[in-house]
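Here are the chains, one letter per residue:
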Amino acid sequence: MNAPAAPLPPSANPKLRRMANALRALAMDAVEQAKSGHPGMPMGMADIAAVLFAQFLRFDPQMPDWPDRDRFILSNGHGSMLLYGLLHLTGYPDMTMDEIRRFRQIGSRTAGHPERGLASGIEVTTGPLGQGLGNSVGMALAERHLAAEFGDDLVEHRTYVFCGDGCLMEGISHEALSLAGHLRLNKLIVFWDDNSISIDGPTDLAVSDDQIMRFRAHGWTAERIDGMDHNAIAAAIRRAHSSDRPSLIACRTVIAYGAPTKAGTAAAHGNPLGAEEVKGARERLGWEYPPFVIPDDIRAEWREAGARGAAVRQQWEQRLAAAPAEKRSEFLRRYKSELPADFDSAIAKVCDEFRAKNAKIATRQASGAVLDALVPVVPELIGGSADLTPSNNTKAKGEEDIKPGNYAGRYVRYGVREHEMAAAMNGMAAHGGLIPYGGTFLTFTDYCRGSIRLSALSHLGVVYVMTHDSIGLGEDGPTHQPIEHLAALRAMPRLQVFRPADPVETAECWALALKNRHAPSILALTRQSVPLLRTETGNENRSARGAYVLAEANGARRLTLLATGSEVGLAMTARDMLANDGIAAAVVSMPCWELFEQQPADYQAAVLGTAPRIGVEAAVRFGWDRWLGPRGAFVGMHDFGASAPGEDVYKHFGITAEKVAAAARALL
């Protein structure tokens, strides 16, 4: 005897229910074939997705990167088959049925969690819970800022987010909701999959928050609806469209809706349903088609939904074409990620100014001077700091604050929300049209790390301005002195870690960070002053090769001193000491290991030389031995720091020119 059909709410739309069931079927089939995945969430949120994509979302699968499209973020990325099903059914050319069949397989576009760049329509990489929610705040802010600059005719769209209980448990959600509510980002609409189930079981095992009241306390509008009721879903979206604040729509759903025994249980969260359960679900849903088969009439309904946005997109293109030529070209330049024509000359000018002044300043101050020069030239730069603006030197002259209801400024006061700052910058970079940078102390990359990792995984050109980069920060002590952070960040693929030695290198590293729009960058900058080392004239960006010989040995090289950042100056002093003893040593500055690794082997060999090498860095040795070779020595940190004036801390831990020279002599 067949199982009874899953009940329909009184106002359920039969057409939308058929469309939703197609999503459920694809999710069940793909997870079952892969023997891996999360079928429950797609089956529970399918009706919400059907209403949103069929009636509200502005998108065009044939032009997936149309700048004024609505953005859709699947923050609960474990339910990736919901997104893949939507992309396939609405007609994204690269999301074929073959890709659906190859869910979670090597080389497929349908990874276990959505990855930006693998397929059109995946706006951001999600999976670590809460990250998509954090990204959405940046996307919504980018939309409002660009609308303030270019006008609503060119920029007016919404950001929609699906999230689950896990997203709202993660700490980043607090930071994200607080910032979005404060800024009154009313084009941001979040759908919460309120199914009361987590991996361990019912959510009341671990959490009893009143999410409606929580969102309202953060300055959002919030309401609860039946997530299976199509009319209720549509009405809630319309109310959100008219809100002057960001909106939460809490959707009461059933995980794995339609499954005969696993619906509403944790068993459906992260495991295939099993052949018998899938068979029963097909019967309850009235889905009589074989695996991976979508009947023509339902496919046509989905393709009709996918075609809705073409006319809207074409109207936008007409408005863009009618815009003044200067405005149009500037808008397109930004979305092509092309820097302004006078960018290089601005960098050259600030380098010349550093040389002319020949002042001893901190690299964080040098970074601030670079920003003073670049912000007027590069209007897409949008800065900020996690409540450390005076320390990070991230606010350029004339850079106005972004404020609630006034988004024309170019500086975000993130407050003490380091993780959300990083996630929001990912959202801005993914949105397009902006280059975000933000600052905090290097030690607090620990608070940002989840988002930094997703910057790298997603090829997003975010710039992280991380100051107070060593024990040189002094009195704040070991809680604030980064020791292991450079090694940890350098271990991350696709991340450029820059540690400039002086003001000129600082400008060069900023130029390299901004020219690479497909990789994030860390600028590790000093609190303490450093001397100008690059006094030579010329506009060659020597930092572009990652490492270079700053000072060659006088005569045959007997030693090579390798250093980064503030320790390059120590190496130069040690070189002079060795020269007084008749020992010829070269100094190599290594502002970016990642770029040096990309250089030809003959260049690396010429820079490193064959003489014994000494590494100098006020950080742990981990990672240095690849450059030091079997005979190398290292002068640096072996434990946490100490609270005292910076110069005293350096002496206490033996990171001085005298110690470097002594270590060098010991190798001969």
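These remarks concern the structure in this document. (Residues numbered from 1 in each chain as written. Predicted model: local features only at pLDDT ≥ 70, side-chain atom pairs only at ≥ 80, totals over all residues. Heavy atoms only, no water.)

## Regarding the overall build of the protein chain
Now for step 1: Secondary structure assignment for the protein chain yields 25 helices and 20 strands.
Now for step 2: Relative to its length of 668 residues, the protein chain is compact, with a C-alpha radius of gyration of 28 Å against a globular reference of 26 Å.
Now for step 3: Its C-alpha atoms give the protein chain principal-axis dimensions of roughly 95 × 55 × 45 Å.
Now for step 4: Of all 668 residues assigned to the protein chain, the portion counted as buried reaches 62%.
Now for step 5: Accessible surface for the protein chain amounts to roughly 24300 Å². Of this, 51% is attributable to carbon and sulfur atoms.
Now for step 6: Across the protein chain, the centroid of the 70 positively charged side chains sits 2 Å from that of the 77 negatively charged ones. (Helix = DSSP H or I, 4+ residues; strand = E, 2+ residues; numbered from the N terminus. Rg over C-alpha atoms; globule rule 2.2 N^0.38 Å. Buried < 20%, exposed > 50% of the residue type's maximum accessible area, 1.4 Å probe, protein only. Areas by Shrake-Rupley, 256 points an atom, 1.4 Å probe, with all protein chains shown as cover. Lys, Arg positive; Asp, Glu negative; His and termini not counted. Charge placed at Lys NZ, Arg CZ, Asp CG, Glu CD.)

## Observations regarding the packing of aromatic side chains
Now for step 1: Going through the model one piece at a time under the given rule, you end up with 20 aromatic pairs.
Now for step 2: Between Phe72 and Phe162, the aromatic rings sit 4.9 Å apart at their centres with planes inclined by 85°, giving edge-to-face as the arrangement. Pair noted here: Phe72 is in strand β1 (residues 71-74) and Phe162 is in strand β2 (residues 159-164), with a separation of 90 residues, a long-range link. Here the two residues Phe72 and Phe162 agree in accessibility, since each one is buried.
Now for step 3: Residues Tyr437 and Trp510 carry aromatic rings whose centres are separated by 5.7 Å and whose planes lie at 90° to one another, so their mutual orientation is edge-to-face. With Tyr437 in strand β11 (residues 435-441) and Trp510 in helix α19 (residues 503-515), this pair connects stretches of sequence that are 73 residues apart.
Now for step 4: Looking at Tyr437, the relative accessible area reads 0%, which means it is buried.
Now for step 5: An aromatic cluster is defined as three or more aromatic residues linked by ring pairs; in this entry it consists of Phe53, Phe59, Phe72, Tyr92, Tyr160, Phe162 and Phe191. (Phe/Tyr/Trp six-rings, centres within 6.5 Å; stacked < 30°, edge-to-face > 60°.)

## Quick word on the pattern of salt bridges
Two side chains with opposite charge may pair up if their charged atoms get near one another.
Now for step 1: Counting across every chain of the model gives 37 salt bridges.
Now for step 2: Taking the shortest distance from any N to any O, the salt bridge between Glu330 and Arg334 comes out at 2.8 Å. With Glu330 and Arg334 both in helix α12 (residues 325-335) and 4 residues apart, this pair spans about one turn of that helix.
Now for step 3: Taken together, the shared-partner salt bridges connect Glu149, Glu330, Arg333, Arg334 and Glu380 into one network. (Salt bridge = Lys/Arg side-chain N within 4 Å of Asp/Glu carboxyl O.)

## A look at helix α20 (residues 567-580)
Given 3.6 residues per helical turn, the α-helix brings residues three or four places apart onto the same face.
Now for step 1: Compared with an ideal rise of 1.5 Å per residue, which puts 14 residues at 20 Å, α20 spans 20 Å between its outermost C-alpha atoms and is within 8% of the ideal.
Now for step 2: Three or more residues of α20 are buried, namely Glu567, Val568, Gly569, Ala571, Ala574, Arg575 and Leu578.
Now for step 3: One or two steps after α20, the chain reaches Gly582, where phi turns positive at roughly 80°. (Expected span 1.5 Å × (residues − 1).)

## So, the packing of helix α2 (residues 40-56) against helix α11 (residues 296-322)
Now for step 1: Here α2 crosses α11 at 50°, and the two axes come no closer than 7 Å. Our classification of the angle between α2 and α11 gives oblique. Across from Ala50, Leu52, Phe53, Ala54, Gln55 and Phe56 in α2, the residues of α11 making contact are Trp302, Ala305 and Arg308.
Now for step 2: Grouping the constituent residues of the contact of α2 with α11 by class yields 7 nonpolar, 1 polar and 1 charged. (Axes fitted to C-alpha atoms, helices over the stretch in contact; angles between N-to-C directions. Parallel < 35°, antiparallel > 145°, perpendicular 65-115°, else oblique. Contact = heavy atoms within 4.5 Å. Nonpolar A, V, L, I, M, F, W, Y, C, P; charged D, E, K, R; others polar.)

## Details of the sheet that holds strand β19 (residues 613-616)
Within a beta sheet, neighbouring strands are joined by backbone hydrogen bonds and run either parallel or antiparallel to one another.
Now for step 1: Spatially, the 5 strands line up as an open sheet ordered β16-β18-β17-β19-β20, and their pairing is mixed. The sheet is open, and its two edges are formed by β16 (548-551) and β20 (633-635), each paired on a single side. Strand-to-strand, the axes of this sheet are offset by a mean angle of 30°, without reference to chain direction.
Now for step 2: Two strands pair when backbone bridges link them, and strand β17 (residues 559-563) and strand β18 (residues 585-589) are joined in this way by 5 bridges, in the parallel orientation. (Pairing = 2+ DSSP bridges.)

## As for the side chain of Ser543
Now for step 1: Tracing the sequence through the fold places Ser543 in the loop between β15 (529-530) and β16.
Now for step 2: Among the polar contacts made by the side chain of Ser543, one reaches the side chain of Glu508 at a distance of 2.6 Å.
Now for step 3: Residue contacts for Ser543: discarding those within four places in its chain leaves Glu505, Glu508, Cys509, Leu512, Arg534, Tyr548, Pro591 and Leu595. (Polar contact = N/O pair within 3.5 Å; in protein donor to acceptor, adjacent residues only side chain to side chain.)

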